[in-house]
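Each chain, letter by letter, is given below.
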Amino acid sequence: MDFKLSPEQEAFRAEVRAWLSANLPPDWAARPTTDIPRAEMYEFGRLWQRKLYDAGLVGITWPKEYGGRGLTWMEELIFHQELVLQKAPPPLNILGIGMAGPTIIAYGTEEQKRRYVQKILTCEEIWCQGYSEPNAGSDLASLQTRAVRDGDHFVVNGQKVWTSLAQVADWMMLLARTDPGAPKHKGITYFLLDMHAPGVTVRPLRQLTGDAEFNEVFLENVRIPASQVLGELNQGWGVGITTLMYERLALGFGLQARFQIALDATLGLARRMRRNGGTAAGDPVLRQKLAQMVIDNAVFKYTAARAITRLLKGELPGPEASVGKIWWCDRHQALQELAQELLGPYAQVGRGSPWAVDQGVWQYSFLRSRANSIEGGTTEIQRNIVGERVLGLPKG
Ligand SMILES: Cc1cc2nc3c(=O)[nH]c(=O)nc-3n(C[C@H](O)[C@H](O)[C@H](O)COP(=O)(O)OP(=O)(O)OC[C@H]3O[C@@H](n4cnc5c(N)ncnc54)[C@H](O)[C@@H]3O)c2cc1C
């Protein structure tokens with residue numbers, strides 16, 4: 001990868017830096033941060049994304065005619081680097097920006113693109129992803145939600161689960177079976193589902209952290225106009241995989257930034273916590289562990305840069321992106337464990353306790369990190385992808 005920026009790219013970096021400095025809340029850098037937007041941040045997140053959009057900083061690579069900026073992945077990378085430097089929050093509508101928007105741009109009719117794309121960028125409409133079901137997670141093609149044609153509508157019945165942000169979403173990327181007689185990867189259709197339609201019930205699921213970021217979604221005789229099919233009828237598997245490819249791409253940009261923010265915060269914690277009359281950062285054993293994290297982060301950064309080089313050449317992200325996901329899970333979970341070690345006895349007191357360090361954010365991040373090896377495809381599934389499609393090993 002060529003790390004030298006053109007004068008235009010340097011100017012873009014200066015623009016982003018100046019804008020963030022001027023627009024972040026004054027106390028932002030001092031806040032204890034998590035890498036996941038929490039419920040109390042949603043309203044702020046909406047307004048923040050709108051401000052970013054008005055400044056031309058959402059949809060940096062998206063076509064101008066749909067509200068994007070029409071720039072390259074290099075500018076997208078610069079934007080993420082600047083977010084990290086200032087510990088700025090990402091836009092709220094992450095599933096819309098990372099997945100729904102690019103899939104609609106790729107498969108949508110002109111009418112669909114005009115209807116949905118810009119509202120994703122402005123955060124007027126939040127999106128969620130309705131793929132997983134109680135009996136279809138890793139083996140997604142086993143999904144059972146049914147959509148039956150009824151004139152110019154489809155009638156949908158079924159259940160989705162683990163649907164992040166469904167509690168605030170306006171639209172869902174929905175996969176449903178339209179031809180039960182066809183082999184399981186065929187006969188699936190991709191719908192754009194209005195979450196406010198009659199028959200949609202969202203029930204939050206409480207997680208280990210105490211938060212409820214994801215939900216069960218029940219669909220009972222929900223009527224979807226045929227104009228809200230994305231791509232061809234019964235060809236939804238291909239469309240759905242495209243969404244997952246964009247998810248990997250978004251992860252590729254997001255995960256490195258998130259890891260860097262979490263690492264910087266952990267280094268800060270190590271300098272504050274006391275150990276044997278000095279700081280935890282001065283403890284020889286903890287110091288080695290922290291240094292290893294810094295080294296690992298550099299490896300991650302350059303591996304991600306290799307993937308970006310492919311994008312800049314116009315290639316789409318390949319199965320190699322799974323390496324990044326596996327790596328991030330492993331290191332991020334280890335980093336959160338290290339933070340608990342740095343806290344020592346304070347690891348036992350979380351949010352609500354007068355002795356909690358940083359308002360209990362470390363306990364939250366540690367518990368939340370357990371989901372990393374499940375969300376976005378489990379580590380075992382990522383290993384299968386690497387084994388079969390990168391290394392060319394025989395199918396297990
Ligand atoms: C925080 C979070 C947010 C999520 N958000 C969403 C969302 O917004 N939308 C959505 O649709 N889904 C979402 N999910 C669901 C997620 O995609 C699934 O949980 C995941 O794909 C695994 O599916 P499953 O839970 O059914 O587990 P299963 O597929 O039943 O897997 C159980 C175990 O078996 C292993 N396993 C399964 N198949 C194989 C195999 N072939 N080889 C080796 N091991 C295997 C798995 O690795 C796992 O350890 C979210 C999950 C989490 C934790």
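### A closer look at the packing of helix 4 (residues 94-107) against helix 5 (residues 110-122)
Reasoning step 1: The contact between helix 4 and helix 5 brings their axes to 9 Å, and the two run at 165°. On the basis of their axis angle, the class for helix 4 and helix 5 is roughly antiparallel. In this structure, the crossing between helix 4 and helix 5 has a hand that is left-handed. For the pair helix 4 and helix 5, the contacting residues are Gly-96, Ile-97, Ala-100, Gly-101, Ile-104 and Ile-105 in the first and Gln-112, Lys-113, Tyr-116, Val-117 and Ile-120 in the second.
Reasoning step 2: For the contact of helix 4 with helix 5, the class distribution of residues is 7 nonpolar, 3 polar and 1 charged.

### Considerations on the site of the ligand
Reasoning step 1: Contacts to the ligand come from 17 residues, most closely from Ser-132, Ser-138, Trp-162, Thr-378 and Glu-380.
Reasoning step 2: Within the backbone of Tyr-131, one N or O atom sits 3.1 Å away from an oxygen atom of the ligand.
Reasoning step 3: The contact in question runs from an oxygen atom of the ligand to an N or O atom on the side chain of Thr-378, over 2.7 Å.
Reasoning step 4: Calculation on the ligand without its partners gives an accessible area of 980 Å², and the protein chains cover 66% of this total.

### Some remarks on the packing of helix 2 (residues 42-54) against helix 5
If you want to describe how two helices pack, look at the angle between their axes and the distance between the axes.
Reasoning step 1: It is the contact of helix 2 with helix 5, at a shortest axis distance of 7 Å, that shows an interaxial angle of 110°. It follows that helix 2 is roughly perpendicular to helix 5 by the angle criterion. Seen from helix 2, the contacting residues are Gln-49, Arg-50 and Tyr-53; seen from helix 5, they are Gln-118, Ile-120, Leu-121 and Thr-122.

Reading guide: rules and limits
- Residues numbered from 1 in each chain as written.
- Predicted model: local features only at pLDDT ≥ 70, side-chain atom pairs only at ≥ 80, totals over all residues.
- Heavy atoms only, no water.
- Axes fitted to C-alpha atoms, helices over the stretch in contact; angles between N-to-C directions.
- Helix = DSSP H or I, 4+ residues; strand = E, 2+ residues; numbered from the N terminus.
- Parallel < 35°, antiparallel > 145°, perpendicular 65-115°, else oblique.
- Left-handed = near helix turned anticlockwise from the far one by under 90°.
- Contact = heavy atoms within 4.5 Å.
- Nonpolar A, V, L, I, M, F, W, Y, C, P; charged D, E, K, R; others polar.
- Near = heavy atom within 4 Å.
- Polar contact = N/O pair within 3.5 Å; in protein donor to acceptor, adjacent residues only side chain to side chain.
- Areas by Shrake-Rupley, 256 points an atom, 1.4 Å probe, with all protein chains shown as cover.

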